[in-house]
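Residues per chain, in single letters:
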Amino acid sequence: MGSSSAVVSTIVQNWREHPPSSYSLKVHNFSQLVNSTTASDDKYQSRLFSSGGYNWRLIVYPNGNGKDDGSGFISMYVEIDSKITTEVFAELRFFVYNKKENKYFTIQDLEVRRFNALKTVWGLQQFLPLDTFNDLKNGYIFEGGHCEFGVDVIVASPLTNWEILSFDEKLSNPKFSWAVKKLSDLKEHVYTSDSFSMGGRQWVLKMYPKGDSGSDGKWLSFYLFLAAGDTLKADEKVFRQGHIRVLDPLGSNHIELKTNRWVERSNTGWGWDQFLSLAELRKSYLDKKDTLNVEVEFEVVSATKYSTII
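Residues numbered from 1 in each chain as written. Predicted model: local features only at pLDDT ≥ 70, side-chain atom pairs only at ≥ 80, totals over all residues. Heavy atoms only, no water.

A.B. asks: Describe unusual backbone geometry, and please don't skip the residues or the numbers.
C.D. replies: With a phi close to 70°, D42 is a non-glycine residue in the positive phi region. Inspection of the secondary structure puts D42 in the loop between α1 (30-36) and β3 (44-45). Overall, D42 belongs to the partly exposed group, its relative accessible area being 40%. One non-glycine residue with positive phi stands out, namely N102, at about 55°. Position of N102 among the secondary structure elements: in the loop between β7 (88-98) and β8 (103-115). (Helix = DSSP H or I, 4+ residues; strand = E, 2+ residues; numbered from the N terminus. Buried < 20%, exposed > 50% of the residue type's maximum accessible area, 1.4 Å probe, protein only.)

A.B. asks: Go over the pairing of strand β16 (residues 219-226) with me, naming the residues and quoting the values.
C.D. replies: With 6 of its 8 residues buried, β16 lies for the most part within the structure. When strand β15 (residues 201-208) meets β16, the two strands line up antiparallel, connected through 6 bridges. Bridging across to β16, K206 finds its partner in Y223. Looking at chain direction, β16 and strand β19 (residues 269-277) are connected through 6 bridges and run antiparallel. (Pairing = 2+ DSSP bridges.)

A.B. asks: Break down the environment of P62 for me, citing the residues and quoting the values.
C.D. replies: Mapped onto the elements of the fold, P62 is located in the loop between β5 (54-61) and β6 (73-80). Taking the relative accessible area as the measure of exposure, P62 reaches 1% and is therefore buried. Residues P62 and N138, 76 residues apart in the sequence, show an inter-C-alpha distance of 17 Å. The residues touching P62, leaving out its near neighbours within four places in the chain, are F30, L33, V34, T37, D42, I74 and L130. (Contact = heavy atoms within 4.5 Å.)

A.B. asks: Lay out the pattern of salt bridges with the relevant residues and their values.
C.D. replies: Opposite charge on two side chains permits pairing when their charged atoms draw close. On inspection of all chains with the given rule, the structure shows 12 salt bridges. D135 is paired through a salt bridge with K137; the nearest N and O atoms lie 2.4 Å apart. D135 sits in the partly exposed class, given a relative accessible area of 27%. Accessibility expressed as a relative area gives 60% for K137, which makes it exposed. The partner of R201 in a salt bridge is E236, with the nearest N and O atoms 2.4 Å apart. Taken together, the residues R201 in strand β15 and E236 in the loop between β16 and β17 (237-246) connect sequence positions 35 residues apart. Across this residue pair, the class does not change: R201 and E236 are buried. (Salt bridge = Lys/Arg side-chain N within 4 Å of Asp/Glu carboxyl O.)

Without other data, these values stay purely geometric and don't point to any function.
The following block contains the structure:
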């Protein structure tokens, strides 16, 4: 069985009561408009109007733009002032008033169009068939030749809110070692390592030699924190992945636990209240000088660049 893909149209037709917001062109004699455009390349160009901080013109081909496959149709375009020096993105919605319905027939191009010095005009070459428009019973021409065209030019605001998230998986010097000497003699409740740099951030390891409040005094507790001088901004967060190890002084039977967490301003650290039992620690993980060797190895650290937070 073969497969096929359908082309999705970006053109939407609708009716609405509200008049155009950017520009309206009311014509009091449509036949004379057609006649006058024979002297101006078959088109009528409106005066300049402002929308989204830029100057535009509405262009109407009342007898169709034959050079753009618009023969037999009303053709409508907008043109940005050619003096622009940057790119402008805009959504376009074209209007024609229908007296019979007392509403505006609209066609909106859902594709945001890019205007620049090389491409100053966008529009619809086949807005409405001339047979439909010219038939008086349809209501587009009324009161002896009156009609109305219009356009909404919705300029997309420049992108001002953004972030770029990256993950550093090739850290230079990804390991940090901490030798805690004479562990059995330590009296303080918590000890903090020297700060170390990983992934552009400063970190510290906190150790509770007799456990923190959740360990019942029977466990060694470890927590990995951002260093005090490394303050996260509002809504900023950092992902870190790695391992914390208590090294076996006699072999390779290290105790290793994985850390895989987002660090945020409200919670800059995470760890284990029951990393290693004190009984197992004294039995197997202190060297002859009563030194505990701890290692932190980072695998991934994220970094985020972002726009100014309002």
